[in-house]
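Now for the letters of each chain:
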Amino acid sequence: MAAERRTWRRPTVFRRREFKWAAYLGIAAFFLWSAWGIGADPARIVRGFGRGLTLLGDFFPPEATPRQARRIVDKMVESVAMAMISTVTGIAISVPVAFMAAENLSPKPLYYLNRGFISLSRALNAIIVAILVVKAVGLGPLAGIITITFKTVGFFAKLLAEDLEDIDMGSVDAVRATGASPVQTLIYGVVPQIVPRFAGLSVYRWDINIRTSTVVGIVGAGGIGSVLLTAFNRYSYQYVSAILVAIIAVVLVAEGVSAVVRRRYQ
Amino acid sequence: MTSRTEAARTWERFDRRRKVGRFLGVLGALVVFVASWRFLDTGITNVETVPREINDLLTRMYPPDVAYVPEIVGPLVETLHIAALGTVGALVLAVPVALLAAENTTPNAATYWLGKLIVTVSRSVNTIIWALIFVVVFGSGPLAGAVAIAFRSIGFLGKLLGEEIEEIDFGQVEAVRAAGASSTQVLIYGILPQVKPALVGLSVYRWDINVRDSTILGFVGAGGIGVQLFRAVNAFAWQSVATILIVILGVVLASEGLSAYARGLTR
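What you are looking at is a predicted structure, and each value in this text was computed from that prediction instead of being measured. (Residues numbered from 1 in each chain as written. Chains lettered and ligands numbered in written order. Predicted model: local features only at pLDDT ≥ 70, side-chain atom pairs only at ≥ 80, totals over all residues. Heavy atoms only, no water.)

*Asks:* Explain the overall build of chain A residue by residue, including any values.
*Replies:* Helices and strands together make up the secondary structure of chain A, namely eleven helices and zero strands. Secondary structure of chain A in N-to-C order comes out as α-α-α-α-α-α-α-α-α-α-α. For 266 residues, the compact-globule formula gives about 18 Å, and the C-alpha radius of gyration of chain A, at 25 Å, lies well above that figure. Taking all 266 residues of chain A together, the buried fraction comes to 45%. When contacts within chain A are restricted to residue pairs at least 6 apart in sequence, those whose partners lie at least 24 apart make up 75%. (Helix = DSSP H or I, 4+ residues; strand = E, 2+ residues; numbered from the N terminus. Rg over C-alpha atoms; globule rule 2.2 N^0.38 Å. Buried < 20%, exposed > 50% of the residue type's maximum accessible area, 1.4 Å probe, protein only. Contact = heavy atoms within 4.5 Å.)

*Asks:* Account for helix 11 (residues 237-265) of chain A, with residues named and values stated.
*Replies:* Taking 1.5 Å of rise per residue, the 29 residues of helix 11 of chain A would be expected to cover 42 Å, and the 42 Å separating its terminal C-alpha atoms lies within 8% of that figure. Among the residues of helix 11 of chain A, Tyr237, Tyr239, Val240, Ser241, Ala242, Ile243, Leu244, Ile247, Ile248, Val251, Ala254 and Ser258 of chain A are the ones counted as buried. (Expected span 1.5 Å × (residues − 1).)

*Asks:* So, the interface of chain A and chain B: which residues are in play, and what are the values?
*Replies:* The parts lose accessible area when they come together, and the size of an interface is often stated as this lost area. Taken together, the contact between chain A and chain B spans 60 residues of the former and 64 residues of the latter. Interface area, chain A with chain B, both sides summed: about 5400 Å², of which 79% is carbon and sulfur. Where chain A packs against chain B, one counts two salt bridges. For Glu255 of chain A, the salt bridge is made with Arg123 of chain B, and the minimal N-O distance between the two is 2.8 Å. At the junction of chain A and chain B, the tally comes to six residue pairs in polar contact (both at pLDDT 80 or more). (Buried area = accessible area lost by both parts, 1.4 Å probe. Salt bridge = Lys/Arg side-chain N within 4 Å of Asp/Glu carboxyl O. Polar contact = N/O pair within 3.5 Å; in protein donor to acceptor, adjacent residues only side chain to side chain.)

*Asks:* So what about a nonpolar patch on the surface? Which residues, and what values?
*Replies:* Together, Val20, Phe23, Leu24, Leu27 and Val31 of chain B give the surface a local cluster of nonpolar side chains, amounting to about 470 Å² of exposed area. Judged by relative accessible area, Phe23 of chain B falls into the exposed class, the value being 54%. (Patch = residues over 30% accessible without salt bridge, like charges linked within 9 Å, V, L, I, M, F, W, Y side chains within 5 Å. Areas by Shrake-Rupley, 256 points an atom, 1.4 Å probe, with all protein chains shown as cover.)

*Asks:* Tell me what's going on with the packing of aromatic side chains, and back it up with residues and numbers.
*Replies:* Residues and elements named next belong to chain A. Tallied over the full model, the rule gives 19 aromatic pairs over all chains. Summarising the aromatic geometry, the rings of Phe232 and Tyr237 are spaced 6.1 Å apart at their centres and angled 70 degrees between planes, so their arrangement reads as edge-to-face. With a relative accessible area of 5%, Phe232 lands in the buried category. Arranged with centres 6.3 Å apart and planes meeting at 75 degrees, the rings of Tyr235 and Tyr237 form a pair that is edge-to-face. Of the residues examined, Tyr237 reaches a relative accessible area of 10% and is grouped as buried. (Phe/Tyr/Trp six-rings, centres within 6.5 Å; stacked < 30°, edge-to-face > 60°.)

Everything listed is a geometric property; what it means functionally is a separate question.
Have a look at this one:
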């Protein structure tokens, strides 16, 4: 008995073994409930994958008539243009929001207000925002731009605000001690400390915005997504795969550019 | 000549080349920005009415329709089911992909590039596009949604888990192998214990992202609360829309908190 007690057992984060098993059991039960809830029985999955293989056959080879190819290029340029405008406008709006959402630079009420806005922007998926904006301002790239700008502010202002909270207040105090005005303090004390991160974050967000701008068209907010949805609805799967190839290519190029620029700044 | 040397000794933050590089970078971005604006000109004629339109929408949403809450409990639970099953499915599929995409565990160069290819394709195709595809395969409904979530997550989990595997201590793996373990046993006793905390942390993190993503699947018929939202938006039932948005917001923030807490435990 005493010898058995002294056997080493791996510690667990749950503190007690009973809790651990209860937690595992609870999680497993939830998964079973999920599988039952959405009708994921194995037979249906197997049948589905059979149909999936057929679909894969329909996808190959990717093909587009010259007219379709021109449409892909046209709408892809629209997507990239939307992403570019949204990145610039989004960042322009993010800067004041970030300053107001940094605990060390902003009064409490303003801080909470801006934190709330950031949470709202981050919690709502781009497609949800897009569908609301389309209802408000109509179909087309303008809706896409507003959507992606809104999403950019949540992401950018949050990360920038965190950087601002981490800055060295000593150098800010030093600038202030020389008799600088609040604006001068900001320009010479705060800004130089965050510029490198700022550049990296901008390019990173641009890359994400390119990805987003390729899908908001599915709910009518401009860009290549609308072409994709139409192709799907017409069952022209070879055209679909041509569009998908184009999307993957553009996303990869954007990711590459973003990675190179970020490496330079770090 | 002396004055020039004097000038050259002034302290500058960046040398000339970097300054020019920065300037050209910013200039290029601005040029593309202006060109983009001009390209989209047809769609951006009524920018000045935008604040009014959005304000109008918000006024119509207020107050949220509380009586509508019972109707969205079912779809909301379905959304959580999709996120949970999608994450599990992704985990099952991502572990072999991660082993392929990690330089130290992949059998050869061809399998390494296969792993990288799967990761790249999975990550470049958005959840909603995967959903479009799987609605064709499985028919509309939450099953298509869960599979779409799983396929989107493979890339994320495969990439990050693969990086984690590349950083393990290979001595331990050799030790297990030297004891005469089969390759399955090497996996279970040599590799898995070293990546387990990362595996749990990444899965929880992805689950949290999947909760957000599964709220939109309904727009293309792949189940979840998005179906309800889509219906309410098309019926111009703005007060119901507000209710759904608040509920989504609550669930997303709750899952984010839970995920952060669970990841804190694994660290």
